[in-house]
Amino acid sequence: MKYLPVNNELFTLNRKNFVSRLKSCSIAIFHSNDEFPRNGDQTFLFKQNPDFFYLTGIDQEQSILLLFPDCPNSLYKEVLFLRQTNEQIAIWEGHKYTKEEARKSSGIKTIYWLNEFDIILHTIINYAENIYINTNENDRYSHTVPYRDLRLFESLRSKYPLHHYERSALILRDLRVVKSPIEVKLTKKACEITRDAFIRVLKFIKPGLAEYEIEAEITHEFLKQRATGHAYSPIIASGNNANVLHYTDNNQVCKDGDVILFDFAAEYANYNADMSRTVPVNGRYTKRQRDVYNAVLRVMRAATKLIVAGAIWNDYHDEVGKIMTEELIGLGLLNKQDVAKQDPKMPLYKKYFMHGTSHHLGLDVHDFASRYKPFEVGNILTCEPGIYIPEEGFAVRIENDILITNDGNIDLMADIPVEADHIEEIMNG
Ligand code: GLY
Ligand code: MN
Ligand code: MN
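Residues numbered from 1 in each chain as written. Chains lettered and ligands numbered in written order. Predicted model: local features only at pLDDT ≥ 70, side-chain atom pairs only at ≥ 80, totals over all residues. Heavy atoms only, no water.

A. Spotlight on the coordination of the manganese ion (ligand 2). Coordination sphere of the manganese ion (ligand 2), protein contribution only: Asp263 (OD), Asp263 (OD), Asp274 (OD) and Glu399 (OE), at 2.1 to 2.4 Å. For the manganese ion (ligand 2), the six donor atoms in the first shell make angles of 56 to 169° at the metal, so the coordination geometry reads as irregular. Mapped onto the polypeptide sequence, the residues donating to the manganese ion (ligand 2) form the spacing pattern D-x10-D-x124-E. Between the manganese ion (ligand 2) and the manganese ion (ligand 3), the interatomic distance is 3.3 Å, and aspartate 274 donates to each metal, bridging them. Linking aspartate 263 in strand S11 (residues 259–264) with aspartate 274 in the loop between strand S13 (271–272) and strand S14 (275–280), this pair joins segments that are eleven residues apart in sequence. We note that aspartate 263, like aspartate 274, is buried. (Donors = N, O, S within 2.8 Å, 3.2 Å for Na, K, Ca; no water. Tetrahedral: all angles 85-135°; square planar, octahedral: opposite > 155°, others 65-115°. Helix = DSSP H or I, 4+ residues; strand = E, 2+ residues; numbered from the N terminus. Buried < 20%, exposed > 50% of the residue type's maximum accessible area, 1.4 Å probe, protein only.)

As structure tokens, this is what we get:
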């Protein structure tokens, strides 16, 4: 891992909160992610399962966590199983956790090698009534390939058919959405690295550069600062490319007079930032670009004020829609009479702003959370309005990451240049 060690208090606290929500006499089992095949004998760069990391801090493949707080043998209340290294693995793959290192990273005292998992589980499972399995319940996800936790469920269900099976995801959905101080610090670090990469590219951009040259600058800054890499595929969309919402080709030349929509951010210690900015290729916005930019910025500022504990997801989005509608009228993109007659189920603003304003952010960029639970203290949400105008060949999106606290919200990206004048000043400085 490139990141510095994370205080294991985070993972100890997360396990404590998790087990406090289990029914009595329950075992919970969690796996690390699969290593996904890439081609031939290659695998994709390993990415830890976010729930597994949340509960262990262990960032290694083929690891298992077993929690059994009511286990009659106290040795097995909390057990981590790890891949045992050997000379071959050390030569070909490099370092793997020793038991001592795993204890230090996770705060878990009992560590076994993986080949002991089946035997140990069998000796204790019949003293449990419930078995909690961690299925991926993200409401935007449907699996086509069965993952480790699902495969475990299939095999346990046939071996132990009369236990009750329960869903860990219901508990994790409530817990993960409320960030602890260490998580906020890690997210803030990801935001700071993102800020430095943004300032670096502001000084680099000029007409004639290819989008991928800008992407390379960003990647350089990320890695230099111990980020694992990009939190998601970066969007470097100049001109009309910005009207493709998930544009990631990044292979066009940035033209004089265009604006570039950036959506890029760093991942640090598995925590993600998520930022968007829109900047002029030649260092000066045109009057129209600036007007649209300032409209989006006003919407972002107004929407940020609505990110408060107790706000309801749908009401919040409807409210932002109204603010955006006024701005679109001001820009001449919508007219008042049409808006007065619009179908409230299909508001006209969606033609120019077709995505949501916010999502939760954390170990997943679109973090695991309920859409129906009011916002709470400790939530981190993005705020990312945009105006997309294909007929004018450009789009503007601005996105910051907002933490809700007891004393109002804190913009974790408040130190990332966002005013049009400030961006121009840095580009021309
Ligand atoms: N970068 C992904 C998003 O803004 O949701
Ligand atoms: Mn984004
Ligand atoms: Mn986002």
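B. Inspection of the packing of aromatic side chains at higher detail. Inspection of every chain in the model, using the stated rule, returns 14 aromatic pairs. Taking the centre distance of 5.2 Å and the plane angle of 80° together, the rings of phenylalanine 11 and phenylalanine 53 count as edge-to-face. A residue pair is termed long-range when its members are at least 10 positions apart, and phenylalanine 11 in helix H1 (residues 9–19) and phenylalanine 53 in helix H2 (residues 50–56) qualify at 42 residues. By the burial criterion, phenylalanine 11 is buried, and phenylalanine 53 matches it. Residue placement shows lysine 189 over the ring face of tyrosine 268; its charged tip is 5.8 Å from the ring centre. (Phe/Tyr/Trp six-rings, centres within 6.5 Å; stacked < 30°, edge-to-face > 60°. Lys NZ or Arg CZ within 6 Å of the ring centre and 35° of its normal.)

C. Up close: the site of ligand 1. The local shell around ligand 1 consists of Tyr232, Asp263, Asp274, His359, His366, Glu384 and Glu399. Taking aspartate 263, its side chain carries an N or O atom lying 3.2 Å from a nitrogen atom of ligand 1. Here an oxygen atom of ligand 1 sits 2.7 Å away from a polar atom, N or O, in the side chain of histidine 366. Here ligand 1 has 200 Å² of accessible area as a free molecule, and 82% of this is covered by the chains. Residues that form the shell around ligand 1 fall into these classes: one nonpolar, two polar and four charged. (Near = heavy atom within 4 Å. Polar contact = N/O pair within 3.5 Å; in protein donor to acceptor, adjacent residues only side chain to side chain. Areas by Shrake-Rupley, 256 points an atom, 1.4 Å probe, with all protein chains shown as cover. Nonpolar A, V, L, I, M, F, W, Y, C, P; charged D, E, K, R; others polar.)

D. How the structure looks around the sheet that holds S13. An order of S9-S12-S13 is seen for the three strands of this open sheet, with the pairing classed as antiparallel. Both edges of this open sheet fall to strand S9 (229–230) and S13, since each of them pairs with a single strand only. Sheet analysis places strand S12 (residues 266–268) next to S13, joined by two bridges and oriented antiparallel. Bridging from a neighbouring strand, tyrosine 268 pairs with tyrosine 271 of S13. (Pairing = 2+ DSSP bridges.)

E. Region of the structure containing the sheet that holds strand S4 (residues 64–67). One open sheet holds the six strands; their spatial order is S6-S5-S4-S1-S7-S8, and the pairing between them is mixed. Both edges of this open sheet fall to strand S6 (110–113) and strand S8 (164–167), since each of them pairs with a single strand only. Taken over all neighbouring pairs, the strand axes of this sheet differ in orientation by 25° on average, direction set aside. As defined by bridge partners, strand S7 (residues 130–133) adjoins S8 across four bridges and the pair is classed as parallel. Note on S8: the bridge partner recorded for tyrosine 132 is glutamate 166. Contacting strand S5 (78–82) and S6, helix H4 (residues 99–106) runs over the sheet at an angle of about 135° to S6. Across the face of the sheet, helix H7 (residues 168–176) comes into contact with strand S1 (26–31), S7 and S8 while running at roughly 25° to S8. (Axes fitted to C-alpha atoms, helices over the stretch in contact; angles between N-to-C directions. Contact = heavy atoms within 4.5 Å.)

F. Examining the nonpolar core more closely. With 105 residues, the main nonpolar core has Phe18, Phe198, Ile214, Phe262 and Ile387 as its most contacted residues. Broken down by element, this core gets its largest block of residues, nine residues, from helix H8 (residues 181–202). (Core = buried A, V, L, I, M, F, W, Y, C linked by side-chain atoms within 4.5 Å.)

G. Layout of the packing of helix H10 (residues 287–306) against helix H13 (residues 420–427). Closest axis-to-axis distance for the H10/H13 pair is 10 Å, and the angle between their directions is 125°. Comparing the axis directions of H10 and H13 gives the class oblique. Seen from H10, the contacting residues are Arg290, Tyr293 and Asn294; seen from H13, they are Ala420, Asp421, Ile423 and Glu424. Looking at the contact of H10 with H13 residue by residue, the class counts come to three nonpolar, one polar and three charged. (Parallel < 35°, antiparallel > 145°, perpendicular 65-115°, else oblique.)

H. The coordination of the manganese ion (ligand 3), seen in detail. Those protein atoms acting as donors to the manganese ion (ligand 3) are Asp274 (OD), His359 (NE2), Glu384 (OE) and Glu399 (OE), and they sit at 2.1 Å. Geometry at the manganese ion (ligand 3) is irregular, judged from the six donor atoms that bind it and their angles of 52 to 154° at the metal. Counting gaps between the donor residues of the manganese ion (ligand 3) yields the pattern D-x84-H-x24-E-x14-E.

I. Representation of the packing of H8 against helix H9 (residues 211–224). The interhelical angle for the contact between H8 and H9, taken along N-to-C directions, is 140°, at an axis separation of 9 Å. Where H8 crosses over H9, the two elements pack in a sense that is right-handed. In this structure, H8 contributes Ile193, Thr194, Asp196, Ala197, Arg200 and Val201 to the contact, and H9 contributes Ile214, Glu217, Ile218, His220, Glu221, Phe222 and Lys224. (Left-handed = near helix turned anticlockwise from the far one by under 90°.)

J. Representation of unusual backbone geometry in the model. Phi angles above zero are rare outside glycine, and glutamine 62 is one such case at about 55°. The phi angle at asparagine 250 is positive, at roughly 50°, despite the residue not being glycine.

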